[in-house]
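Structural overview for review
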Amino acid sequence: MKNKKINLKRVIKKPFKTQQKVGKAPGTVTYLGLREDGENKISVTDYSGDFYETKVLENVEETFKFRDTEAISWINVQGLSNVEDIEKLGKYYNINPLVLEDLVNTNQRPKIDEYEDYIFCVLKMLYLDKEGQLVVEHMALILCEHAVLLFQEIEADVFDGVRERLANKFGRIRNRGADYLFFALIDSIIDQYFIVLEHLTDKIELLEEKVYNSPEQDVANSIQQIRKEVLGIRKNIFPVKEIASRLVKTEHRLIKEDTKLFLGDVLDHSIQIHETIEMLREMSMSLMEMYMSNVSNKMNEVMKVLTIMASIFIPLTFIAGIYGMNFEYMPELHHRNAYFIVLGIMFLIIIIMLIYFKRKKWL
Amino acid sequence: MKNKKINLKRVIKKPFKTQQKVGKAPGTVTYLGLREDGENKISVTDYSGDFYETKVLENVEETFKFRDTEAISWINVQGLSNVEDIEKLGKYYNINPLVLEDLVNTNQRPKIDEYEDYIFCVLKMLYLDKEGQLVVEHMALILCEHAVLLFQEIEADVFDGVRERLANKFGRIRNRGADYLFFALIDSIIDQYFIVLEHLTDKIELLEEKVYNSPEQDVANSIQQIRKEVLGIRKNIFPVKEIASRLVKTEHRLIKEDTKLFLGDVLDHSIQIHETIEMLREMSMSLMEMYMSNVSNKMNEVMKVLTIMASIFIPLTFIAGIYGMNFEYMPELHHRNAYFIVLGIMFLIIIIMLIYFKRKKWL
Amino acid sequence: MKNKKINLKRVIKKPFKTQQKVGKAPGTVTYLGLREDGENKISVTDYSGDFYETKVLENVEETFKFRDTEAISWINVQGLSNVEDIEKLGKYYNINPLVLEDLVNTNQRPKIDEYEDYIFCVLKMLYLDKEGQLVVEHMALILCEHAVLLFQEIEADVFDGVRERLANKFGRIRNRGADYLFFALIDSIIDQYFIVLEHLTDKIELLEEKVYNSPEQDVANSIQQIRKEVLGIRKNIFPVKEIASRLVKTEHRLIKEDTKLFLGDVLDHSIQIHETIEMLREMSMSLMEMYMSNVSNKMNEVMKVLTIMASIFIPLTFIAGIYGMNFEYMPELHHRNAYFIVLGIMFLIIIIMLIYFKRKKWL
Amino acid sequence: MKNKKINLKRVIKKPFKTQQKVGKAPGTVTYLGLREDGENKISVTDYSGDFYETKVLENVEETFKFRDTEAISWINVQGLSNVEDIEKLGKYYNINPLVLEDLVNTNQRPKIDEYEDYIFCVLKMLYLDKEGQLVVEHMALILCEHAVLLFQEIEADVFDGVRERLANKFGRIRNRGADYLFFALIDSIIDQYFIVLEHLTDKIELLEEKVYNSPEQDVANSIQQIRKEVLGIRKNIFPVKEIASRLVKTEHRLIKEDTKLFLGDVLDHSIQIHETIEMLREMSMSLMEMYMSNVSNKMNEVMKVLTIMASIFIPLTFIAGIYGMNFEYMPELHHRNAYFIVLGIMFLIIIIMLIYFKRKKWL
Amino acid sequence: MKNKKINLKRVIKKPFKTQQKVGKAPGTVTYLGLREDGENKISVTDYSGDFYETKVLENVEETFKFRDTEAISWINVQGLSNVEDIEKLGKYYNINPLVLEDLVNTNQRPKIDEYEDYIFCVLKMLYLDKEGQLVVEHMALILCEHAVLLFQEIEADVFDGVRERLANKFGRIRNRGADYLFFALIDSIIDQYFIVLEHLTDKIELLEEKVYNSPEQDVANSIQQIRKEVLGIRKNIFPVKEIASRLVKTEHRLIKEDTKLFLGDVLDHSIQIHETIEMLREMSMSLMEMYMSNVSNKMNEVMKVLTIMASIFIPLTFIAGIYGMNFEYMPELHHRNAYFIVLGIMFLIIIIMLIYFKRKKWL
């Protein structure tokens, strides 16, 4: 429970953690994330149709030589807290300082910005960690002439598929330009969203069954929790549709016409994700209604039991009370069969009451 | 009940069943449906104004000869799991691999894509099976110069009407081009939606009566179930309006001007379907409110019975209790008519109480 | 009650009654309404500035001669089930078969279609029959060069005003073209909507008073009924705004510039109707909330009565119970004034309780 | 209470009071208001930079001479039921009969229509009468070359400010054209809206306090009343935003460029009013929720009192009941201290119960 | 509590406090704020790349000399009630009187207006005062050729960061034009919004915990309070998005192309703020639902306790009542073990009841 809360806060609270930056000059490259260990790991995958090489680099200067080669380079920077390295890289690749600022700003909302020589894209990666907790990671991509620069906070295995296709020359990827690599990476990130949404759907369906069976208060809490998760995810995923549609319509020279066909697919997926989130939201809201109706029903049941018990026994107790009075002159008391007659009457009352409640369908 | 659940999952969950594809290269033609028996049944209906022939083909290669004839060919592929055949067909008809990928992807959202030589359209077919369960089937159409390629998971009888009109030369269909066949097939699919919606409306009206008569918890569950069904259907039907409006406005050379008049009709229908779904949604939501108000009313009734019983008999029991006390000096006890006077007072209290509750309209 | 239900079904269910047409070829003129007596009554009102004639025709062929005269003709076809006559008429006036199909399709949603030689418009007429039940009638108009063709299921008296103005040469109508007649007829239909909406408003205000006074379950049912009626009406009236705005903006040669001024009025009215329906919808929704709050309040009141009665008499009964015990050694029992002291204490408890409940404002 | 209701009806019902006009020819100038005394009061304020005159006219013909003078004339017609005068005035000023029709139609929705020689504007005036009741008045303005024609049902003092500025030559108004006067009048009407909205806000805040303190049923009724008032006001005020934005963007020759700066201010205000109404609506809705939560809480409190009383005394009464039984052989009865021991046990039970309820935080 | 209320009124009520202005001529510069001490404090910060000076001025005339120097001047006017000074300043800088009117109108909604020689912008500053109360301050900026005029009601420390960067020549600010200063000031104001929103989020999360633990009525009140705060903030912040997007797209000569890059950042932030407010709104609404569900649950619990107590002891009391009757002939009374048998039966009933309630999961 504890863990979940923390993770949720990552989703929900992130946008506000900008205080330490308030008042600083725009264009100041300041890391705002939580992983401040200061180490960046930089690796490069360099390839063309007949050539493939991948290695981890010692320092940021080693990336410089890849800028002007014809081969496509995927420069992968993991860890955003070592701001100096990123500034060096940015300077060499001629990236605007404002871009670098957004790049390390882990609170940056997903967006796409087109510059003359490169395209800058911020996305959020969503995945489930080993304990099934939802994690949101900041991710930034820069598409240059012959290179894609990828910045991420932690090493994620979402890109293993791309890496494999590159290594094994599977599919078209080795014969196409940097824009195709750019697309393939974005596609990998978006594919992950489907898994997260499926996970959420499963959670909602589980809750649904719980609501049917035992509407305890903690079910209500879980429903609210889910609603907040859906809200948080929506915030991080919704801009993606806009990004995809921008990429499909762009006239930027770095995006070739035939890559746009593939980007159309990304757009398709992001529309589907959009619709799914809205559906999840509606489902979670109707779940709450369901829950409330169930609580009311339980209450109804409780009240029926009380009413039946009270309606039967209170009148009987009253009758017993009458013959428990100590008046001197109560003729019935001295009648031989009076006791049994009264018992019979009481029994009759019980029968009548039961029939009445049966008719009312309370039994 | 079991069956329904399963079918519903088909409607709701399908969009997420993409895991097995996550990480694969785009353009890989992978079947994602549930019917993996591996057999495709390919049939061809070939016709022109004065010629009509229909037959089941042995293998996919037999379809090739129809490509270049002037007669209109309707090539019907049933079963999408034999991916190889579909790839062969696609190759021969010059279909982009990305299109083939979407074609066999049963999770693909309804859409329309215009290419230079063909138009590709994905739709969902909704129908009620023999047990009245709602089934969603993936369906893809490709309109070529002289042919319409129709891909479906199972053999559906929705197209029997078209087949009959072709065979019997009824209406215009035999004298018109492939685009008219394309329209006629889409029209048949959309006509089915009306039946499904009528079925849902009947279900909602049935529930409405149940809500009036006996607001049990399972009625609430049914209402939620209906809401989920409406949501699921909406997801599959909504994009159709967009598709129809695209077809009406398209400048594609394969769609002739006079066919657009008919497509305008399809657009009309899809707007009507759109409105109907929204109405069903609103009706199901107000049904839930109705239900809640009924539960509250029942509770009110229960509480009234309890309150009336308790309010009448608790004071009486108290009076009886007083004269059941064993004090030595209680002058009333020795009075001759005391017992009957007390009984009279009790009776009076009952009368007063009943009048009081009558006035309050609780009786 | 019965009647109402039936009429409501007309409003709600109609859109789905298309099954008998599913599978038929588009362009097949099939009557889908409920009045299948097979008889059409065709009448013609022919007029120009100084000429006026109105008569009922024997057969459809008699209408043909009016096509080419300069005088304006209003051809009124009542009864849509005799499809043959309508087809003949359509053929002679050069109407597209698809138009004829929509014309007799009583499920057709209101719309306007502009063709080269004529304008086709479908509207729904709403009126209250003699028992105050809401009736929805399908209506279709075709504006030609010198004629307006009006198709309706039953003879409605909505057009009496137009007829009178024509006969008595009142206003501009006799000196203007067919487009003005077209406008005048549409205007008459829309004027009826105001009456229906006023009727609904009265119904809602009546319900409002009922909700205040006696929130019985049948009030809730009536509210839901009204909401469904509003939904059903909305469906039939909403497209009218679109139609009016299309007419105002059209460049069609049959609509003259100075008639557009009047059509602007129609647009004004349809916007007002639109807003009114939305307001009625909101009012009916807040009525339901009102009702729920009233139910809760009534329950609160019931509970208070119960709680007051129980809280006062249960403790007293307990005290009485104590002195009803048969212990041998109970010193109080033998005290001379014990009985009266206990009675006094009981009276005191009642007083204290009453003050307590008074303070809590439960009394 | 009575009064309020009547006024509210004016707001809500007006749009439907068109029955008496249904069937009449368009362009028929028919007064639809409630003040049918038949008398119009016509006054004129004539001014230029160095000239100012104001007087009440005897008959409508006296206004004619002001049409062609260079000085700006503000012709004020109070009372709309004398339709003849208005028609004469309209004819002389060349106003379209359709405009005159809308002008006296008190149900006309606010709108603006631009004609070649004049601009026609309908607005609703909202103000609080002496008893604080909200009144809605129909108002129409016509901007001509050198004159503004203002039509209102009753003499309102909203324009006193304008009159004063004219008389005292305060501000720019005397040196500017008719369009500035037109703006100044509209501005005065809109300024009143702020007062009405402030009044509503105060009412809502008052209700809020009542909801906190004593959630009686009449509070719920008041909330609904407010919601209806907000709805009714919204209907009359919303179109104003559209009108203002039209005036700012118009190319009409009668509106000079430098007057548009001021009209921009009117637009600003109408946006602010728009936002405020939406906020009031949301506040009134959340007030209802607040109320419902308070009712539930009160019920909770009532139930707790009942449960505590019942839970403590019912078991005790049972114990007393046991020792009130008349069995011959009940050893305890003969024990010396039995009575006091039982009393002690009862006391103990009370203590335990109180602790239990304290723990549950019910006390 | 008191304080909060007052501050809240500032947020909510401000838009209506225009009564004192109703009826005045447009363009009259009237201060509408609450701080009417009449003193303005005017200070100037004058700088260029190699020059920096800041000082408090004695009177408004001292600002005049800065108008025509090449150095950038930031003229800061604190206190808006001394209208004369502002009018003098405006006159010298050629500002339109309508602009001056909006400038001192503390009720003015945030907006941007472009004039030929300057750009006028109204914003609201939100900050938390020392007691953590939310304060809304009116703020107006005018961007001229070489100067930015900033008007604020009180001295706020939000601009300390800008001042520092200017003084210490940190970042680009000293080498750029007045438009960059204009951007930097707006950026500072918007940065504050994040802090306010974070504060609100914290408050909502705190309330959430309270709702889980103890759903008292005052929690409901707090939720409503928060909702009103969110509404009030929304009103003041929402127009900012529009302002930012206008600034990004403007063609005004005073905004240079490279400053627009930075303004794009402001737009990014305002979109993020927009989304966050909507999220807060949704969270506060679902909090209310949460609360209601919790109240219902508590009620359920209360009812269960009552029902269990009553269901167990009422029947037992009835049995005791039977044997408390005084009939002469009651055979059981004389049986030796009757008393113990009855006690046993009673015990049995208790056991059965407990099992029953256990099964129903009420215990």
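Chain A appears in an unreviewed UniProt entry as Magnesium transport protein CorA from Galbibacter pacificus. In its Sequence similarities (unreviewed entry) section, the UniProt record describing chain A reads: "Belongs to the CorA metal ion transporter (MIT) (TC 1.A.35) family."

**Here's the deal with the overall build of chain A**
Assigned secondary structure in chain A consists of eight helices and seven strands. The C-alpha atoms of chain A give 34 Å as radius of gyration, which overshoots the globular expectation for 363 residues (21 Å, by more than 25%). Projected onto its principal axes, the C-alpha coordinates of chain A cover approximately 120 × 45 × 30 Å. A buried classification covers 44% of the 363 residues belonging to chain A. Expressed as a percentage of contacts within chain A between residues at least 6 apart in sequence, the contacts between residues at least 24 apart total 71%.

**Here's the deal with the relation of the copies chain D and chain E**
Mapping chain D onto chain E leaves a residual RMSD of 0.1 Å; the transformation is a rotation of 72 degrees accompanied by 0.1 Å of translation along its axis. When the rotation and shift are considered jointly, the pair of chain copies conforms to a five-fold rotation axis. Minimal C-alpha separation from the rotation axis in chain D is found for G324 of chain D, amounting to 4.3 Å. When the interface residues of chain D are mapped onto chain E, a mere 19% of them again lie at the interface, so each copy presents a different face.

**Remarks on the relation of the copies chain D and chain C**
To go from the first copy of the chain to the second, apply a rotation about an axis and then a shift along the same axis. Between chain D and chain C, which share one sequence, the superposing operator has a rotation angle of 72 degrees and an axial displacement of 0.0 Å; the RMSD is 0.1 Å. Here only 20% of the contact residues of chain D are again contact residues in chain C; the copies associate through non-equivalent surfaces.

**Description of the packing of helix 6 (residues 217-249) of chain A against helix 7 (residues 257-322) of chain E**
Running from N to C, helix 6 of chain A and helix 7 of chain E point in directions that differ by 175 degrees, and their axes come no closer than 10 Å. One element, helix 6 of chain A, and the other, helix 7 of chain E, form an angle in the roughly antiparallel class. From helix 6 of chain A, Q217, A220, Q224, R227, K228, L231 and K235 of chain A reach across to helix 7 of chain E, where they touch E275, M279, E282, M283, S286, M290, S293, N294 and N297 of chain E. Looking at the contact of helix 6 of chain A with helix 7 of chain E residue by residue, the classes come out as five nonpolar, six polar and five charged.

**Regarding the pairing of strand 6 (residues 134-143) of chain E**
Residues and elements named next belong to chain E. Counted residue by residue, strand 6 has eight buried out of 10 residues, so it is predominantly covered. Here strand 5 (residues 119-128) pairs with strand 6 via 10 bridges, running antiparallel. Within strand 6, the position partnered with L126 by the bridge is V136. Between the end of strand 5 and the start of strand 6, which pair antiparallel, lie five residues, with G132 showing a positive phi angle near 80 degrees. Bridge count between strand 6 and strand 7 (residues 147-152): five bridges; the pairing is antiparallel. In the strand pairing of strand 7, A140 is matched with F151. Taking the residues that link successive antiparallel strands as the turn, the strand 6-strand 7 hairpin has three residues.

**Observations regarding the interface of chain D and chain E**
With 53 residues of chain D at the contact, the number on the chain E side is 48 residues. For the side of chain D that touches chain E, the secondary structure elements donating two or more residues are helix 4 (160-168), helix 5 (178-213) and helix 7 (257-322) of chain D. If you tally residues by element for the side of chain D that touches chain E, the top one is helix 7 of chain D, at 32 residues. Split by residue class, the side of chain D that touches chain E holds 24 nonpolar, 17 polar and 12 charged.

**So, the interface of chain D and chain C**
The interface of chain D with chain C comprises 51 residues on the first partner and 55 residues on the second. By residue number, the principal contributor to the side of chain D that touches chain C is helix 7 of chain D, which donates 19 residues. The residue inventory of the side of chain D that touches chain C, partitioned by class, reads 27 nonpolar, 15 polar and nine charged.

**Considerations on the sheet that holds strand 6 of chain E**
All names here are of chain E. Taken together, seven strands build an open sheet; the order of strands is 2-1-3-7-6-5-4 and the sheet is mixed. Two strands lie at the open edges of the sheet, namely strand 2 (51-56) and strand 4 (111-114), each paired on one side alone. Pairs of neighbouring strands in the sheet enclose a mean axial angle of 15 degrees, with direction left out of account. Helix 5 (residues 178-213) contacts strand 3 (72-78), strand 5, strand 6 and strand 7 of the sheet and is inclined by roughly 30 degrees relative to strand 5.

**A closer look at the UniProt feature "transmembrane region" (unreviewed entry) in chain A**
Annotation from UniProt places "transmembrane region" (unreviewed entry) at residues 305-325 and 337-357 of chain A. Secondary structure across residues 337-357 of chain A comprises 95% helix and 0% strand; the distance between its end C-alpha atoms is 30 Å.

**A look at the sheet that holds strand 2 (residues 51-56) of chain A**
All names here are of chain A. Taken in spatial order, the seven strands make up an open sheet running 2-1-3-7-6-5-4, and their pairing is mixed. Because the sheet does not close on itself, it has two edges, and the strands there are strand 2 and strand 4 (111-114). Geometrically, the sheet is characterised by an average inter-axis angle of 15 degrees between neighbouring strands, direction not taken into account. With four bridges connecting them, strand 4 and strand 5 (residues 119-128) associate as antiparallel partners.

**A few points about unusual backbone geometry**
Positive phi outside glycine occurs at K361 of chain C, with the angle close to 65 degrees. Inspection of the secondary structure puts K361 of chain C in the segment after helix 8 (338-359). Residue classification places K361 of chain C among the exposed residues on the basis of 11 C-beta atoms within 10 Å. The backbone of N94 of chain D sits at a positive phi, close to 65 degrees, despite the residue not being glycine. Secondary-structure assignment places N94 of chain D in the loop between helix 2 (83-92) and helix 3 (97-104).

**Some details on the nonpolar core**
With 508 residues, the main nonpolar core has V148 and L185 of chain A, V148 and L185 of chain B, V148 of chain C, V148 of chain D together with V148 of chain E as its most contacted residues. Excluding anything up to four places from it in sequence, L185 of chain A contacts L141, V148, L150, F159 and V162 of chain A.

**Quick notes on the packing of helix 5 of chain E against helix 7 of chain E**
Residues and elements named next belong to chain E. Where helix 5 contacts helix 7, the axes come no closer than 10 Å and their chain directions differ by 15 degrees. One finds that helix 5 runs roughly parallel with respect to helix 7. Where helix 5 crosses over helix 7, the two elements pack in a sense that is left-handed. For the contact of helix 5 with helix 7, a count of residues per class yields 19 nonpolar, seven polar and three charged.

About the thresholds
Residues numbered from 1 in each chain as written. Chains lettered and ligands numbered in written order. Predicted model: local features only at pLDDT ≥ 70, side-chain atom pairs only at ≥ 80, totals over all residues. UniProt positions renumbered as here; feature names shortened; annotations may be inferred. Helix = DSSP H or I, 4+ residues; strand = E, 2+ residues; numbered from the N terminus. Rg over C-alpha atoms; globule rule 2.2 N^0.38 Å. Buried ≥ 20, exposed ≤ 12 C-beta atoms within 10 Å, placed from the backbone. Contact = placed C-beta atoms within 7 Å. Least-squares fit on C-alpha atoms with pLDDT ≥ 70 in both. Axes fitted to C-alpha atoms, helices over the stretch in contact; angles between N-to-C directions. Parallel < 35°, antiparallel > 145°, perpendicular 65-115°, else oblique. Nonpolar A, V, L, I, M, F, W, Y, C, P; charged D, E, K, R; others polar. Pairing = 2+ DSSP bridges. Core = buried A, V, L, I, M, F, W, Y, C linked by C-beta atoms within 7 Å. Left-handed = near helix turned anticlockwise from the far one by under 90°.

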